[in-house]
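Listed below are the residues making up each chain.
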Amino acid sequence: MSYENFMREAIRLSEEGAKSGRGGPFGCVVVRAGQVVGKGSNQVTSTNDPTAHAEMVAIREACKALETFQLADCTLYASCEPCPMCLSAIYWARIPTVYYANTRADAAAIGFDDDFIYQQIPLPVKERRVSMQPLLRDEAKGAFAEWAKKSDKVAY
């Protein structure tokens with residue numbers, strides 16, 4: 001399968017998802033060594049899960065299929081430029097290459113304004129729309145101290 005065919009599959013999933021009413025018009029495939037190892041379409045409204053974006057679904061499926069939490073030898077094809085949440089998951093999964101079709105400006109034009117979140121991220125914490133307040137930091141440090149001295153931890 002070619003790059004274009006993998007993207008066509010992501011686009012097909014976006015169209016299928018939009019028509020089915022399971023979620024928004026977004027699709028994604030994760031590919032390893034020329035084989036699709038994970039695929040997904042947006043399932044936010046059908047699962048009542050705001051994290052069930054196509055990329056998240058595809059990454060979860062790929063990790064399960066490959067029995068790993070790192071996809072450093074995979075490529076992701078998304079029908080739209082990933083939102084900040086999905087982009088973060090891509091970084092956490094160590095996926096080195098992403099191809100996308102529609103842009104975030106295209107998504108904004110139909111009511112999906114991911115750019116708002118992109119604008120919020122660089123703001124100082126006190127200026128963000130979501131109120132974020134530190135609480136019980138000294139108590140929480142205990143778990144971090146335990147992790148830091150743990151000799152058998154799996155780094156990620």
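Just above, that's the structure.
Residues numbered from 1 in each chain as written. Predicted model: local features only at pLDDT ≥ 70, side-chain atom pairs only at ≥ 80, totals over all residues. Heavy atoms only, no water.

## Considerations on the packing of aromatic side chains
Then comes step 1: In total, this model carries 7 aromatic pairs according to the counting rule given.
Then comes step 2: With 4.9 Å between their ring centres and 85° between their planes, Phe26 and Phe112 make a pair best called edge-to-face. With a gap of 86 residues between them, Phe26 in the loop between α1 (3–20) and β1 (27–32) and Phe112 in the loop between α5 (104–109) and α6 (114–120) connect regions that are remote in the sequence.
Then comes step 3: One Lys or Arg, Arg104, reaches over the ring of Tyr118 and ends 3.9 Å from the middle of that ring. (Phe/Tyr/Trp six-rings, centres within 6.5 Å; stacked < 30°, edge-to-face > 60°. Helix = DSSP H or I, 4+ residues; strand = E, 2+ residues; numbered from the N terminus. Lys NZ or Arg CZ within 6 Å of the ring centre and 35° of its normal.)

## With respect to the packing of helix α3 (residues 54–66) against helix α4 (residues 84–93)
Helices that pack against each other are described as a pair by the angle of their axes relative to one another and the distance between those axes.
Then comes step 1: For the pair α3 and α4, interaxial distance at closest approach is 9 Å and the crossing angle is 20°. Taken together, the axes of α3 and α4 are roughly parallel relative to one another. Relative to α4, the crossing made by α3 is left-handed. In this structure, α3 uses Glu55, Met56 and Ile59 to contact α4, whose residues at the interface are Met85, Cys86, Ala89, Ile90 and Ala93.
Then comes step 2: Along the lines of polarity and charge, the residues of the contact of α3 with α4 split into 7 nonpolar, no polar and 1 charged. (Axes fitted to C-alpha atoms, helices over the stretch in contact; angles between N-to-C directions. Parallel < 35°, antiparallel > 145°, perpendicular 65-115°, else oblique. Left-handed = near helix turned anticlockwise from the far one by under 90°. Contact = heavy atoms within 4.5 Å. Nonpolar A, V, L, I, M, F, W, Y, C, P; charged D, E, K, R; others polar.)

## With respect to the layout of surface pockets
Then comes step 1: A volume near 220 Å³ is recorded for the largest pocket.
Then comes step 2: As for the largest pocket, its lining consists of 16 residues, and the residues nearest its centre are Phe26, Asn42, His53, Phe112 and Asp114.
Then comes step 3: Elements supplying a minimum of two residues to the lining of the largest pocket: α2 (44–47) and α3.
Then comes step 4: A class-by-class count of the residues in the lining of the largest pocket yields 7 nonpolar, 5 polar and 4 charged. (1 Å grid on protein atoms, 1.4 Å probe; cavity = no way out; pocket = protein on both sides within 12 Å on 5 of 7 lines; lining within 4 Å. Points joined across faces, edges and corners; volume = space filled by probe spheres on them.)

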